[in-house]
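# Observations on the model geometry
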Amino acid sequence: MNNYTSESLSENLEAMRKFSEVYAKRTGTFFCSDISVTAVVIEGLAKHKDHYGSPLCPCRHYEDKLKEVMNSYWNCPCVPMRERRECHCMLFLNSDSEFASKNQFIDIDVLVEKIS
Ligand code: SF4
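Residues numbered from 1 in each chain as written. Predicted model: local features only at pLDDT ≥ 70, side-chain atom pairs only at ≥ 80, totals over all residues. Heavy atoms only, no water.

## Observations regarding the site of the ligand
Note the following rule: Here a residue is considered near a molecule or strand provided that any single heavy atom belonging to it is located within 4 Å of it. Both site types are read off a 1 Å grid over the protein atoms alone. A 1.4 Å probe that fits but cannot get out defines a cavity, while an open set with protein on both sides within 12 Å along at least five of seven lines defines a pocket; lining residues have an atom within 4 Å of a point. In this scheme, a molecule is assigned to a cavity or pocket if more than half of its atoms are within 2 Å of the grid points.
As a structural note, the neighbourhood of the ligand is formed by V41, C57, W74, C76, C78, M81, C87, H88, C89 and F92. For the ligand, the cavity whose grid points lie within 2 Å of the majority of its atoms is the largest cavity.

Next up, the structure:
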């Protein structure tokens, strides 16, 4: 049994999983060799999407999350990622990163297992 009994949260988890795969492929970036890192970041994005309607970056502290969502700078993919391929969450890693795997896929069952 996992925590994803809420239908909308499950849907957002799947939406962010798919987004992460597609975006990694599109940008030629890779998931972390520790797939738990990938799973936790995707979960954070899904929770923000569920609560605020946008996948606000989960790796930062915000005084006012709603204000940040409206500002859109840190909505994933954030401006640093779009402009310079910098993902400080380590969701999207460049191939020369020591933490990068060669993988751009994460199975939903693996994802749920890692965050349960
Ligand atoms: Fe997304 Fe940017 Fe956060 Fe990486 S750092 S998870 S690209 S918002």
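## A word on the packing of helix α1 (residues 7-27) against helix α2 (residues 35-52)
Just so we agree on the cut-off: As a rule, the C-alpha atoms of each element are fitted with a line to give its axis, helices using only the stretch in contact, and angles between N-to-C directions run from 0 to 180 degrees. For the purposes of this entry, the term helix denotes a DSSP run of H or I that reaches at least four residues, the term strand denotes a run of E that reaches at least two, and both are numbered from the N terminus. Note that the term roughly parallel is reserved for angles under 35 degrees, roughly antiparallel for angles over 145, roughly perpendicular for angles of 65 to 115, and oblique for everything else. We call a crossing left-handed when the near helix sits turned anticlockwise from the far one by less than a right angle, and right-handed when that turn is clockwise. Whether two residues are in contact is decided by their heavy atoms, any of which lying within 4.5 Å being enough. Gly falls in the polar group here, along with every residue not listed as nonpolar (Ala, Val, Leu, Ile, Met, Phe, Trp, Tyr, Cys, Pro) or charged (Asp, Glu, Lys, Arg).
Closest axis-to-axis distance for the α1/α2 pair is 8 Å, and the angle between their directions is 130°. With respect to their mutual orientation, α1 and α2 come out oblique. Crossing of α1 against α2: the hand is right-handed. Taking contact as the criterion, the partners of S8, L9, N12, L13, M16, R17 and S20 in α1 are, on α2, I42, E43, L45, A46, K47, K49 and D50. Within the contact of α1 with α2, the residues separate by chemical class into six nonpolar, three polar and five charged.

## Here's the deal with the nonpolar core
Stated precisely, the cut-off is as follows: For the purposes of this section, nonpolar cores are sets of buried Ala, Val, Leu, Ile, Met, Phe, Trp, Tyr and Cys residues that join through side-chain atoms within 4.5 Å. The rule is simple: take the accessible area with a 1.4 Å probe, protein chains only, and divide by the maximum for that residue type; under 20% is buried, over 50% is exposed, in between is partly exposed.
Residues L13, F31, I42, L91, F92, I106 and L111 are the most contacted members of the largest nonpolar core, which totals 28 residues. A per-element tally of this core places α2 first, with six residues.

## Looking at unusual backbone geometry
Geometrically, the link from C76 to P77 is a cis peptide bond, its omega value of 0° lying close to zero. With respect to the secondary-structure elements, P77 resides in the loop between α3 (65-71) and α4 (79-84). One non-glycine residue, S72, lies in positive phi territory at about 70°. Considering the arrangement of structural elements, one finds S72 in the loop between α3 and α4. With a relative accessible area of 35%, S72 lands in the partly exposed category. You will see that R85, though not glycine, has its phi angle at about 55°, which is positive. Its place among the elements puts R85 in the loop between α4 and α5 (108-115).

## Digging into the packing of α2 against α5
Contact geometry for α2 and α5: axes closest at 9 Å, N-to-C directions at 85°. The orientation of α2 with respect to α5, classified from their angle, is roughly perpendicular. Along its contact with α2, which presents I35, S36, A39, V40, I42 and E43, the element α5 presents V110, L111, K114 and I115.

## Overview of the state of the cysteines
Note the threshold: In plain terms, two cysteine sulfur atoms within 2.5 Å form what is called a disulfide here.
By the definition in use, this model includes one disulfide. The disulfide that involves C59 links it to C89, with 2.0 Å between the sulfurs. Taking the sign of the S-S torsion, 130° for the link of C59 and C89, the bridge is right-handed. Taken together, the positions of C59 in the loop between α2 and α3 and C89 in the loop between α4 and α5 put the pair 30 residues apart, joining distant regions of the chain.

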